[in-house]
Amino acid sequence: MQFNITNDFIQEIRSLIDVNDSKQLEHILEELHFADIAEIIDELNLEQAVYIVKLLDSEKTSEALMELDEDQRDRILNALSPKEIAEELEEMDTDDAADILNELPDNIAQEVINQIIDEQHAEDIVDLLRFDENSAGGLMAKELVRVNENWTVTGCVSEMRAQAENVTRVHSIYVVDNNNKLKGRLSLKDLLTSKESTPIKDVYIPKVDFVTVNTPGEEVSRIMRKYDLEAIPVVDELERLVGRITIDDIMDFITEEAEKDYQLASGISQDVEANDSILELTKARLPWLVLGLLGGIGAAAIMGGFEEIFEKHAVLFFFTPLIAAMAGNVGVQSSAIIVQGIANDDLRGSIGNRLIKEVLLAMLNGVILAILLFAYTFATKGEILTSLAISISLFAVIIVAGLVGTFVPLALHKRGIDPALATGPFITTSNDIFGILIYFMIAKAIIGI
């Protein structure tokens with residue numbers, strides 16, 4: 001049954017902290033899930049949150065810390081001593097502990113490492129720090145269950161029991177040779193149904209999906225999604241088994257990447273959150289707002305070049321926002337589909353084929369929308385040339401915007417630039433300018449001066 005945290009409950013926790021009733025607090029909190037502990041900590045001020053972290057066993061608080069917002073966690077860690085942080089890290093999986101160390105200043109991180117009692121755990125954590133955080137090496141944990149192909153079933157079971165003590169969830173059993181090279185995986189069913197004297201090399205499954213320490217996180221995500229994997233082993237350059245990535249780790253990575261792409265598509269150039277300072281939020285937003293300003297100035301300059309046609313056919317002015325909006329909307333739609341396809345690795349065929357398909361789609365949409373617009377403008381204005389100019393302009397703008405929205409993210413992706421950039425103000429501003437330019441050029445050609 002899910003535990004519901006109410007305002008009255010939080011107030012009770014605060015009151016117990018105020019009177020330093022640690023015994024009653026432990027009694028209330030000891031049976032709660034670590035996610036509930038994290039939610040409680042998030043409702044407390046810094047002093048109260050630190051009190052809870054110091055009070056409860058590190059086995060529970062270490063998990064709760066990983067559930068917290070990064071800024072909240074940093075504030076709590078800054079209030080703890082290196083020894084207290086080390087106690088939390090000793091209860092964490094190596095990948096989570098490495099993430100914590102990456103958030104600490106270098107001098108504090110070194111002190112924390114020196115305070116970790118389990119030397120092997122400390123060595124594994126330090127080893128993870130050398131990898132890029134968005135690579136398989138940076139995402140993996142060292143904790144796993146491995147068996148040697150030369151062991152018997154009896155020896156294998158005995159070793160597995162010893163190794164499993166340090167593994168929170170045993171998703172898979174990996175088989176290695178004497179040089180620790182990954183050979184395959186072991187089915188628990190095959191292990192249980194084989195004779196005790198049977199060598200592991202006679203029962204393991206040689207086919208196993210794996211990634212290397214340098215595999216990008218996006219590729220790891222694609223492989224795990226494609227083959228519906230709960231965990232995937234990670235090997236080094238010599239194909240030696242060095243860790244594993246579990247589904248919860250890759251889901252955290254996907255969520256973070258999605259948040260970055262969403263912010264980028266919204267015109268925010270840095271990874272920021274609502275609770276960040278005004279200065280940080282301004283630095284993240286201002287570059288794209290400046291781009292929008294420049295785009296607006298460019299559009300105004302274009303309109304200024306057609307001032308004479310404006311004076312004679314003022315009705316064109318009233319349809320300018322419509323043309324600009326349709327250009328931006330079509331461009332964002334096209335780019336969003338392409339970016340999604342790139343992210344899911346669903347795009348097939350050449351750029352040329354993709355552009356041809358987009359032209360055909362834009363032509364169909366353009367014809368329908370242009371006919372509707374022509375009917376409206378002719379019915380309300382009664383000027384056939386003006387109606388033709390506006391509707392033909394819309395048709396042309398839709399085609400150009402569709403092409404730009406398709407080509408730009410593909411080109412960015414090919415150059416190693418995040419294609420999510422193409423779904424934000426960049427594509428909207430560029431299509432606004434193209435749309436207005438096309439609009440007035442066609443109007444001038446049809447109506448004349």
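The structure this text deals with has already been given above.
Residues numbered from 1 in each chain as written. Predicted model: local features only at pLDDT ≥ 70, side-chain atom pairs only at ≥ 80, totals over all residues. Heavy atoms only, no water.

**Student:** Can you explain the sheet that holds strand 4 (residues 211–212)? Please cite residues and give values.
**Tutor:** Spatially, the three strands line up as an open sheet ordered 4-5-6, and their pairing is mixed. Each edge of the sheet is formed by a strand with only one pairing partner; in this case those strands are strand 4 and strand 6 (241–246). In this sheet, strand 6 lies alongside strand 5 (residues 231–235) in antiparallel orientation, the contact comprising five bridges. Counted as the bridge partner of V234 is G243 from strand 6. This element, helix 14 (residues 217–226), spans strand 4, strand 5 and strand 6 of the sheet and lies at about 135° to strand 5. (Pairing = 2+ DSSP bridges. Helix = DSSP H or I, 4+ residues; strand = E, 2+ residues; numbered from the N terminus. Contact = heavy atoms within 4.5 Å. Axes fitted to C-alpha atoms, helices over the stretch in contact; angles between N-to-C directions.)

**Student:** Can you tell me about unusual backbone geometry, naming the residues and giving the values?
**Tutor:** The general pattern is negative phi for most residues beyond glycine and trans for most peptide bonds. Positive phi is not limited to glycine here, since N20 has a value of about 60°. Assignment of secondary structure puts N20 in the loop between helix 1 (7–18) and helix 2 (22–29). With relative accessibility at 51%, the residue N20 sits in the exposed group. We note that N180 has phi near 70°; this positive angle belongs to a residue other than glycine. Note that N180 resides in the loop between strand 2 (173–176) and strand 3 (182–186). Judged by relative accessible area, N180 falls into the partly exposed class, the value being 23%. (Buried < 20%, exposed > 50% of the residue type's maximum accessible area, 1.4 Å probe, protein only.)

**Student:** Pulling in residues and values, what's your account of the sheet that holds strand 3?
**Tutor:** In spatial order, the strands read 1-2-3; together these three strands make up an open sheet with mixed pairing. Lying at the two open borders of the sheet, with one neighbouring strand each, are strand 1 (145–148) and strand 3. Taking each pair of neighbouring strands and ignoring which way they run, the sheet shows an average axis angle of 35°. Bridge analysis of strand 1 against strand 2 gives four bridges, and the strand direction is parallel. Following the sheet pairing, V145 is matched in strand 2 by I173.

**Student:** How would you sum up the packing of aromatic side chains? Please name residues and give values.
**Tutor:** For the structure shown, the criterion picks out three aromatic pairs. Seen from their ring centres, F317 and F318 are 5.7 Å apart, and the 80° between their planes marks the pair as edge-to-face. Residue classification places F317 among the partly exposed positions, given a relative accessible area of 45%. Taking the relative accessible area as the measure of exposure, F318 reaches 61% and is therefore exposed. Look at Y439 and F440: their rings are 4.9 Å apart centre to centre, the planes differ by 40°, and that puts the pair in the tilted class. Both residues of the pair, Y439 and F440, belong to the buried class. (Phe/Tyr/Trp six-rings, centres within 6.5 Å; stacked < 30°, edge-to-face > 60°.)

**Student:** How would you summarise helix 8 (residues 94–103) if you had to cite specific residues and measurements?
**Tutor:** For helix 8, the buried fraction is high: seven of the 10 residues fall into the buried class. Within helix 8, burial applies to T94, D95, D96, A97, A98, I100 and L101.

**Student:** Run through the pairing of strand 2, naming residues and quoting values.
**Tutor:** Neither face of strand 2 is open: one carries I173 and V175, the other Y174 and V176, and all of them are buried. In this sheet, strand 3 lies alongside strand 2 in antiparallel orientation, the contact comprising four bridges. If you follow V175 over to strand 3, its bridge partner there is G184. Between the antiparallel neighbours strand 2 and strand 3 lie five residues, among them N180 with a positive phi of about 70°.

**Student:** Tell me about the side chain of S391, and name the residues and values.
**Tutor:** The topology assignment puts S391 in helix 21 (residues 384–414). What S391 contacts, discounting residues up to four positions off in sequence, is A370, L373 and F374.

**Student:** Would you mind going over empty space enclosed by the protein in detail, with residue names and values included?
**Tutor:** Throughout the structure, instances matching the rule amount to one cavity of 30 Å³ or more. What lines the largest cavity is simply A98, D99, N102, L128, L129, F131, E133 and G138. With three residues, helix 8 is the single largest residue contributor to the lining of the largest cavity. Per-class residue counts for the lining of the largest cavity are four nonpolar, two polar and two charged. (1 Å grid on protein atoms, 1.4 Å probe; cavity = no way out; pocket = protein on both sides within 12 Å on 5 of 7 lines; lining within 4 Å. Points joined across faces, edges and corners; volume = space filled by probe spheres on them. Nonpolar A, V, L, I, M, F, W, Y, C, P; charged D, E, K, R; others polar.)

**Student:** Can you lay out the side chain of T320 for me, pointing to particular residues and giving the numbers?
**Tutor:** The residue T320 is located in helix 19 (residues 320–344) in this model. On the basis of relative accessible area, T320 is assigned to the buried category, the value being 6%.

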